[in-house]
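Below, each chain spelled out in residue letters.
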Number of protein chains: 2
Amino acid sequence: MTALGAALRAAHLDALLITSLPNIRYLTGFSGSSAIVVASDRDLLFVTDFRYATQVHEEVGDMARVAIEPQSLWNGVWRQMTDMTGVAVVGFESAHLVHRDFERLLNAGARWQWRATTDVVETLREQKDSGEIASITDAARVAERALERMLTEVRAGLTELEIAGALERALRDEGSSGFPFETIVASGERSALPHARAADRPVRAGDFLLIDFGAIVDGYCSDITRTVVVGRATQEQHDVHEIVRTANERASSLVHAGMSGKDADALARRYIEERGLGEAFGHSLGHGIGIEVHEAPRLARTTEAVLPERAVVTIEPGVYRAGWGGVRIEDDVVLGRDSATVLTNFSRELLEVG
Amino acid sequence: MTALGAALRAAHLDALLITSLPNIRYLTGFSGSSAIVVASDRDLLFVTDFRYATQVHEEVGDMARVAIEPQSLWNGVWRQMTDMTGVAVVGFESAHLVHRDFERLLNAGARWQWRATTDVVETLREQKDSGEIASITDAARVAERALERMLTEVRAGLTELEIAGALERALRDEGSSGFPFETIVASGERSALPHARAADRPVRAGDFLLIDFGAIVDGYCSDITRTVVVGRATQEQHDVHEIVRTANERASSLVHAGMSGKDADALARRYIEERGLGEAFGHSLGHGIGIEVHEAPRLARTTEAVLPERAVVTIEPGVYRAGWGGVRIEDDVVLGRDSATVLTNFSRELLEVG
């Protein structure tokens, strides 16, 4: 709470109304799906519903003043806020409060002065502490062990859905508490779609198989991509894979805190451009991971902001050719002052499986 | 689009800005994670980003005027809206537009008159057509087959996570394109937590095992819960299970369109209250399912609204005793004028497994 207290003072706020569940989880440890928090320098008010009466006790304990609301959480918010002394100017999360609830602030909450804020808690979340880095590292290990088990099962004729199922089961067996995002298993020409879900397409010999997935350990995510070939790879597949691998390794070995998101993105992009494939790398290099699988900071062509120390970010260059296929290789790294530590050590060679 | 056109006219709107992805999916078939739609009686404008260039073509085709935006989707919205003739008063979705984007309407979108709306598309989604009911029925079949396979694997000593993994893999093998919500596998005293995730607790002989999960087929969800016992059930477990089963079957056989959500809820609640366990049934009886696993209508103590024909809803009474365990039995039903058709036919007997 000290860091949040300082952020509130810097923003001239007496308190902050927090409606983002990942931000609530960061500040309180609560992992449920229904809560509103009001945080001041001295007080932490926590409102949830009856379904979480037991869980909030275990997860939040006595770090907050907890109210269990039978109906609308907002009733509990107004009642509890009335008891807070010295609170007049209150921030709200402009990116996490829907218009309908914003209207509540102007009506039921009219006795307070409301200020739109963005990224107050998100900024605190960018720099991980050692416990958070340990959790993400564990989530990376779980993902790698699951991928290893799954790859032994891949063979031509299985559908992408069946392969996703094998991977997800292995993730559970290795202890993942959930899936940070919908597993991407994209084969053949579908590997050229940067956001393909698994489908009922059977994989064929000679296909690229792009696998993008993660694990969750203690509420923290890993996010990893490998692209393999089912059966024998062609020279062209080797060539494209090698370009992406080199781009990935250059970026991972050169990225560090203190550079802009834009300069980080260029570490991989410039190399891919030099190889004549700039147009085929249509997305940005990476993003922060933590409680959410997409969080600050961004590593993108348009990001002027400087990367902070101890941010954990993905490094995920890709090359996609519509109708042919695509390759992406994604690792998770912790940013240090002069270099980065790679958390995902699964082989980046072009594996031929099945 | 005719039904939406009528809804717009009734609300005195020339067009509606749609930012809810499930609503966009309902109107256009688009299944990606980034899009904004503006719908008038004559026009459907669709803005997404480059990652979905191929997918939007396949899913939306030429039913909409599609723009691919390299940066902010909002740039595309303003540019396309400028070309719409006769559009002055535009609704937006108050429950699905965050404050930050609401500010964009007031600034970059200042040439239009904006009106807050709620539930315009959600109301259309309540009444399913035969294709939608067929998809939900398929999703129910997939879930039942997966549950059957998984139950043959359950034995004391497996963790809840491992059991969740077995179930999720079976869902994939049966063709589920994803998981509509985080699988709940809650054993022993954890079965008393209505929203427990799977954890690394090993299940023990004599435990209740509560399994709440679903499948997705063609974008439509099923949602089913069964509670079994690992090994031999005690008389007390039988008694509580029997009360919940009777409440479930009474509600399923008596619920129909035309009754209020409140009266539907009472079908199960009154019976559980008569058995002296009213306090132990802490949540509402059910909710609509479709593109989302929680959608309109609601079957709850406070819902005065009348249930429409062809809504698909869950019937899920439960009894929970902290420290002992809980039982929930959940089915999916389609509401007809005088009765309901139950889509989930998996046995409601108290199964002893492992």
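Residues numbered from 1 in each chain as written. Chains lettered and ligands numbered in written order. Predicted model: local features only at pLDDT ≥ 70, side-chain atom pairs only at ≥ 80, totals over all residues.

Draft legend 1. Seen up close, the sheet that holds strand E2 (residues 35–40) of chain A. All names here are of chain A. Strand order in this open sheet of six strands is E4-E3-E2-E1-E5-E6, and the pairing throughout is mixed. Each having just a single partner strand, strand E4 (65–69) and strand E6 (113–117) make up the two edges of the open sheet. Ignoring strand direction, the axes of neighbouring strands in this sheet form an average angle of 20 degrees. Summarising the sheet, strand E1 (residues 15–18) and strand E5 (residues 89–93) pair through three bridges and their orientation is parallel. When the sheet's bridge partners are listed, Leu17 is paired in E5 with Phe92. Sheet contacts for helix H4 (residues 73–82): E2, strand E3 (44–49) and E4; angle to E3, the most-contacted strand, approximately 155 degrees. (Pairing = 2+ DSSP bridges. Helix = DSSP H or I, 4+ residues; strand = E, 2+ residues; numbered from the N terminus. Axes fitted to C-alpha atoms, helices over the stretch in contact; angles between N-to-C directions. Contact = placed C-beta atoms within 7 Å.)

Draft legend 2. Fine view of the environment of B:Ser191. Residues and elements named next belong to chain B. Relative to the helices and strands, Ser191 resides in the loop between strand E7 (184–187) and strand E8 (208–213). Sequence separation of Ser191 and Phe208 is 17 residues, and the distance between their C-alpha atoms is 6.8 Å. In contact with Ser191, other than residues within four places in its own chain, are Ala186, Phe208, Leu210, Thr227, Gly325 and Gly326.

Draft legend 3. Just the interface of chain A and chain B, in detail. Listed per partner, the contact involves 37 residues of chain A and 37 residues of chain B. Where the side of chain A that touches chain B is concerned, the elements lending two or more residues are helix H3 (53–59), helix H5 (99–106) and helix H8 (160–173) of chain A. Per-element accounting of the side of chain A that touches chain B gives the leading share, nine residues, to H8(A). Tallied by class, the residues present in the side of chain A that touches chain B amount to 13 nonpolar, 14 polar and 10 charged. (Nonpolar A, V, L, I, M, F, W, Y, C, P; charged D, E, K, R; others polar.)

Draft legend 4. Structural context of the domain arrangement of chain A. Residues and elements named next belong to chain A. Taken domain by domain, chain A comprises domain 1 (2–125) and domain 2 (130–353). Put simply, the middle of domain 1 and the middle of domain 2, counted by C-alpha atoms, are 35 Å apart. On the domain 2 side, the residues contacting the eight residues of domain 1 number six residues. Residues of the side of domain 1 that touches domain 2, tallied by class, amount to two nonpolar, two polar and four charged. (Domains from an automatic or database assignment.)

Draft legend 5. Spatial organisation of the pairing of strand E16 (residues 325–328) of chain B. Residue and element names in this part refer to chain B. With burial as the criterion, each face of E16 is covered, one bearing Gly325 and Val327 and the other bearing Gly326 and Arg328. As judged from the four bridges shared by strand E15 (residues 318–321) and E16, these two strands associate in the antiparallel manner. From the neighbouring strand, Val319 faces E16, where its bridge partner is Val327. Counting the residues that bridge the hairpin from E15 to E16 gives three residues, and of these Gly323 lies at a positive phi of roughly 85 degrees. (Buried ≥ 20, exposed ≤ 12 C-beta atoms within 10 Å, placed from the backbone.)

Draft legend 6. Structural view of the sheet that holds strand E11 (residues 224–230) of chain B. All names here are of chain B. The strand order across the open sheet built from four strands is E7-E8-E11-E19, with neighbouring strands paired in mixed fashion. With one partner strand each, in any of the chains shown, E7 and strand E19 (352–353) form the two edges of the open sheet. Direction of pairing for E7 relative to E8: antiparallel, over a ladder of four bridges. Along E8, the bridge assignment pairs Ile184 with Asp212. Contacts from helix H7 (residues 130–151) reach E8, E11 and E19, with the element oriented near 10 degrees to E11.

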